Structures are given as structure tokens and as C-alpha cells.
Amino acid sequence: MSDYNKDDLLFVPLGGTGEIGMNLNLYHYQGKWLIVDMGVMFNDEELSKMGIDVIAPDPSFIEKYVDDVVGIVLTHGHEDHIGAIQYLWDRFQCTVYATRFTGILLFEKLKEVGLARKVPIHTIPLSTRFSLGPFDIEYVSITHSIPEANALAIRTEAGNILHTGDWKFDPSPLICDETDTSSLKRFADEGVLALVGDSTNAMVEGTSGSELTAREGLTELFQGLKKGCIFVGCFASNIARLESIAIAAHESGRAVYLAGRSLHRYTMVAKKSGYMKNIPNFLNDREIKKIPMDNTVIICTGSQGENRAALSRIAADKHHFLSLKKGDHVVFSSREIPGNEERIQEMKNQLLALGANIHTAEEYNIHVSGHPAREELATMYEMIKPRFAIPTHGESDHLKAHKELAEDCGVESALHIKNGDVVKLNDEFPRVIDEIESGRLGLDKGFLRSLRTS
């Protein structure tokens, strides 16, 4: 890099800015670097044909400054924020900071690859303030589709930054905390130089909706499905949704089975962290085979059409013991992540060919997003009153829409940036002062290799 010095307050995204997923963000001040999140994204069809299932951001740039990295701070436990740690941590070998739920989840993931005792995970209590080098960081609880999601209130001598992470406003989140608006307002009163924020739903009018609405919609739908097994595709990490499905199943007289390893991991971590306390035990492999399928709800991984996930294998009639018969129901309690539309539709076509009845959020109130729509973004800007806005976490059109909204909300300057842009924040106006190499790494037969095309 050029044209900067150790006292520059810099923001450098290496992943997640210009795409959905693969979040890896850097902050620099006083010669030190803070890493926020280290996630993956999943493949597209072309990469799948090459044998690549997982894609991680290329951290080559920050490896040059490894001795100056003060730590990796995790905002929450989604794969696109923590999933690359098992592949990239050896390059940094620094402490990882997370709240209890995220820390336990990461430990369980690392245990599967033999790294659990190697990676130091420091548990930070919710709503705690701590310092890493020149960065004074406060975890601020926010609502998202996973427990213990956090915004980061980052204080430096050069100015304060709100790194929102993934968030929303929800008056009835059911299992997650409501967004801590009192702490956000207190931080705003100190003066906020820049808001670095979630852009996923910046093109969606209104609000994202409440998880309570999804629970009520699932309950109503299940009670109307008198015959046939109900298969539900959802995100394994959405603990509130898993609880809602379990409650809706119980109220319609059905028992629940989990199909997919990640579902078992997330529910185990949730219960270990004190969540899902009053949910009846899920059926095990032996029990599911002994009761009529018409009396069951089967929660499946694979709502995005992932090749090896349970729902995809059921659709292809390749699951080792679960099968779908004519008249069964498949409920999609999830959204289509951009880029996955084609393979999701292919899976739906397979399900229809088997005789399934498909139910989606387009017809029923069975899913709400975990990301803020435009009205929520505007409320956040009104509350925080940052001087500058740096839209992240979204594809280019999402970032553009977020930039324009921030400008309409009165920020002095908003930037539309991309991965690899080096943004100087402590100046009269934020500006891109350099562009460093950024790219992607694909996991191929256990090894990461560059996916750079140039």
C-alpha cells in the first residue's frame, strides 16, 4: 500500500463487499490491524464441477502484517462470518474473540478438523467493552437470525465507528435479543465518524418483519396439512426458526426429526448455551423409522440447493433412508440467496416430479429476513447520525442503493466501494487511497487454491 501512515484510520474489506457472503474486514490504526469476521461462501455450479465446495477470501494482503494483527473479532456465528477460520487461522495464529454462543459453535466446528485445542477463543460476555491495541471495542446486542449477534462500537482516538454486522429491528425476535437501541443511542451521543453497515436488503421497501409472524404462519400452515409428511428446508443457524418449526409441529400433533449434520450441531450448541430449553427432544434415527411419516416434520439442511445437503439428496432420491412420497409437503422457510436461484429451482423440479406439494414464503408468512430493509436502515441512520457511511455486505446494486439511502438520510459522504479498496476515514471526507489485491480461495481436495482470474 502507499499514501498512508500508521496514524491513518483505515477500513479494508477483503470479502463480503460486492457479494453476499465471505465476510472479512480489516481496520487499521496506529500501525495495528483488527480483523472483523472471517467467513466463507458456497460454490456456484461452475466451481462445483471443478470439485470446489467452499470459497474463502484471500488474506494474502494482511499476512504481510501478521505481527501487527491484534485479534479476530467475530460479530456472530453464521458461516459467512466464521466459516473460514478453520482454513485461514494458521496464517495468523492470533486470538479469536466471540460471545459464548459463537465461541462454542466455533469450538465445535474446529473440533471436527482437529483445531479446537489449537485456536485460542476468548469469550466476551454480551454487552461488554474491551480493548485490543488502539481499538476500544464494545459488543452491542442486535437482532439477527442467530443468537448473540452483535454490532461493534469501535472507539479510536481518530474517531468512532459503528460496524453494524448483520442486523434488523424486531419487536418480537422470540429467541434472540432485541437490538439494544439504548446502547446505540449512547454511542451516537459520543459522535460517530462512520457507519460501516449491512446492505443486504437495501433495495427492499418497508421493514424485514418479525420472527413471531413466521412462527404464527408456520403453525397455521402445518395445522392445515392433515396428510403426508412435512419436510421443511431452512437455515440450520436460525435457532428461532428451528424452535418455531418444532412448536408448530407439536401443536399440529407431529414429532420432529433433524436431517443434516449442521442442524444437530446448531441445536446442540443452542441448548448448551441456554437456548431452546422447552423444546421436546427431536426423534433419533431409530425412532423416526418406527412412527408413521404422516405424523412427522423433518427439518432439512439444503434450502439453497446445496448438492450434498439433506433436502437435495431427498429430492434426488439418494438419501440413505429418507424418501418422499406423492402427497408429501415441502416447506421452504427461507429466502433464496442471490446466485442460488438456478439450483434451487432444479431441486424444486425434482421434488415436484416425486409428487411433492411445495409451499414457499411467497404464498405463506413462513419466513422473515434477518437483515434490515430500507425503513430500518433509515431509522438506524436517524439514531446514529454518522458523518460518513460505508455500505458493505451486499452485491454492487445493494451497495449502491444503501449509499443513496444514506445520502438521503443526511450523511456528509457515502462511498460505494469493493473488496480490496483501502478507505481512509480520518480525513475531511472518507476516500479510497489505494487498492490492494484481493481474491478468492477455493477448497479443492482439502487444499485452498487461488481462484483469481487475473
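Look above for the structure.
Of the regular secondary structure elements, the chain holds 14 helices and 26 strands. For 454 residues, the compact-globule estimate of 2.2 N^0.38 gives 22 Å, and the C-alpha radius of gyration of the chain, at 22 Å, lies within 12% of that figure. Viewed in the frame of its principal axes, the chain has a C-alpha envelope of about 70 × 45 × 35 Å. Across the 454 residues that make up the chain, the buried fraction comes to 61%.

Turning to the environment of Ile291, a few remarks are in order. Along the chain, Ile291 falls in the loop between α10 (285-288) and β17 (296-300). Sequence-wise, Ile291 and Ala255 are 36 residues apart; in three dimensions their C-alpha atoms are separated by 9.2 Å. Every residue in contact with Ile291, bar those within four places of it in the chain, is listed here: Ala255, Leu283 and Thr296.

Turning our eyes to something else, we now look at the sheet that holds strand β16 (residues 255-259). Taken in spatial order, the five strands make up an open sheet running β16-β17-β15-β18-β19, and their pairing is parallel. Strands at the two margins of the open sheet, each flanked by one partner only, are β16 and β19 (357-359). With strand direction ignored, the average angle separating the axes of adjacent strands in the sheet is 20°. Bridge count between strand β15 (residues 230-233) and β17: four bridges; the pairing is parallel. Within the sheet, the bridge partner assigned to Ile230 lies in β17 and is Val297. Sitting on the sheet, helix α8 (residues 239-251) is in contact with β15, β16 and β17, with an inclination near 170° to β17. Across the face of the sheet, helix α9 (residues 261-272) comes into contact with β16 and β17 while running at roughly 115° to β16.

With that settled, consider the packing of helix α5 (residues 100-112) against α9. Relative orientation of the contacting elements α5 and α9 amounts to 140°, with a least axis distance of 9 Å. By the angle between their directions, the pair α5 and α9 is classed as oblique. The handedness of the crossing between α5 and α9 is right-handed. For the pair α5 and α9, the contacting residues are Arg100, Phe101, Ile104, Leu105, Glu108, Lys109 and Glu112 in the first and Arg261, Arg265, Tyr266, Met268, Val269, Ala270 and Lys272 in the second. For the contact of α5 with α9, the per-class residue count stands at seven nonpolar, no polar and seven charged.

With 13 residues, helix α12 (residues 341-353) ought to run about 18 Å at 1.5 Å a step, and its terminal C-alpha atoms sit 18 Å apart, in line with that. Within α12, the full set of buried residues consists of Arg343, Ile344, Met347, Lys348 and Leu351. Projection of α12 onto a plane perpendicular to its axis shows the buried side chains occupying an angular sector of 145°, all on one side. Of the exposed residues in α12, the ones pointing more than 90 degrees away from its buried face are Glu342 and Ala353. Just downstream of α12, Gly355 is the residue with a positive phi angle, here 100°.

Here the focus is the pairing of β15. Covered by surrounding structure in β15 are Ile230 and Val232 together with Phe231 and Gly233, the residues of both alternating faces. Pairing between β15 and strand β18 (residues 329-332): four bridges, direction parallel. Counterpart to Gly233 in the pairing with β18 is Phe332.

Before going further, it helps to spend a moment on helix α13 (residues 374-384). Within α13, burial applies to Glu376, Leu377, Met380, Tyr381, Met383 and Ile384. Seen from one end, α13 has its buried residues packed into an arc of 165°, which puts them on one side. Against the buried residues of α13 lie β13 (159-163), α6 (181-190), β14 (194-198), β20 (388-392) and α14 (396-408). Looking one or two residues past α13, Lys385 carries a phi angle of roughly 50°, positive in sign.

Between side chains of opposite charge, a pair can form when the charged atoms approach closely. All told, the structure shown has 28 salt bridges when counted by the stated rule. Here Asp68 and Lys32 are joined by a salt bridge, their closest N and O atoms 3.8 Å apart. Of this pair, Asp68 sits in the loop between α2 (60-63) and β7 (69-73) while Lys32 sits in strand β4 (residues 32-36), placing them 36 residues apart in sequence. A relative accessible area of 27% places Asp68 in the partly exposed class.

Running from amino to carboxyl end, α13 crosses α14 at an angle of 45°, the nearest separation of the two axes being 10 Å. Overall, the two elements α13 and α14 adopt an arrangement that is oblique. For the crossing formed where α13 meets α14, the hand is right-handed. Only Ala401, His402, Leu405 and Ala406 of α14 make contact with α13, whose side of the interface consists of Arg374, Leu377, Ala378 and Tyr381. Here the residues of the contact of α13 with α14 sort into six nonpolar, one polar and one charged.

Overall, mixed pairing links the eight strands, which are arranged β9-β8-β7-β4-β3-β1-β23-β24 in an open sheet. Lying at the two open borders of the sheet, with one neighbouring strand each, are β9 (121-123) and β24 (431-435). Direction aside, the axes of adjacent strands within the sheet are offset by 25° on average. Pairing of β4 with β7, which is carried by four bridges, proceeds in the parallel orientation. When the bridges of β7 are listed, Val36 appears paired with Val73.

Cut-off values and rules
- Residues numbered from 1 in each chain as written.
- Predicted model: local features only at pLDDT ≥ 70, side-chain atom pairs only at ≥ 80, totals over all residues.
- Heavy atoms only, no water.
- Helix = DSSP H or I, 4+ residues; strand = E, 2+ residues; numbered from the N terminus.
- Rg over C-alpha atoms; globule rule 2.2 N^0.38 Å.
- Buried < 20%, exposed > 50% of the residue type's maximum accessible area, 1.4 Å probe, protein only.
- Contact = heavy atoms within 4.5 Å.
- Pairing = 2+ DSSP bridges.
- Axes fitted to C-alpha atoms, helices over the stretch in contact; angles between N-to-C directions.
- Parallel < 35°, antiparallel > 145°, perpendicular 65-115°, else oblique.
- Left-handed = near helix turned anticlockwise from the far one by under 90°.
- Nonpolar A, V, L, I, M, F, W, Y, C, P; charged D, E, K, R; others polar.
- Expected span 1.5 Å × (residues − 1).
- Arc of directions from axis to C-beta.
- Salt bridge = Lys/Arg side-chain N within 4 Å of Asp/Glu carboxyl O.

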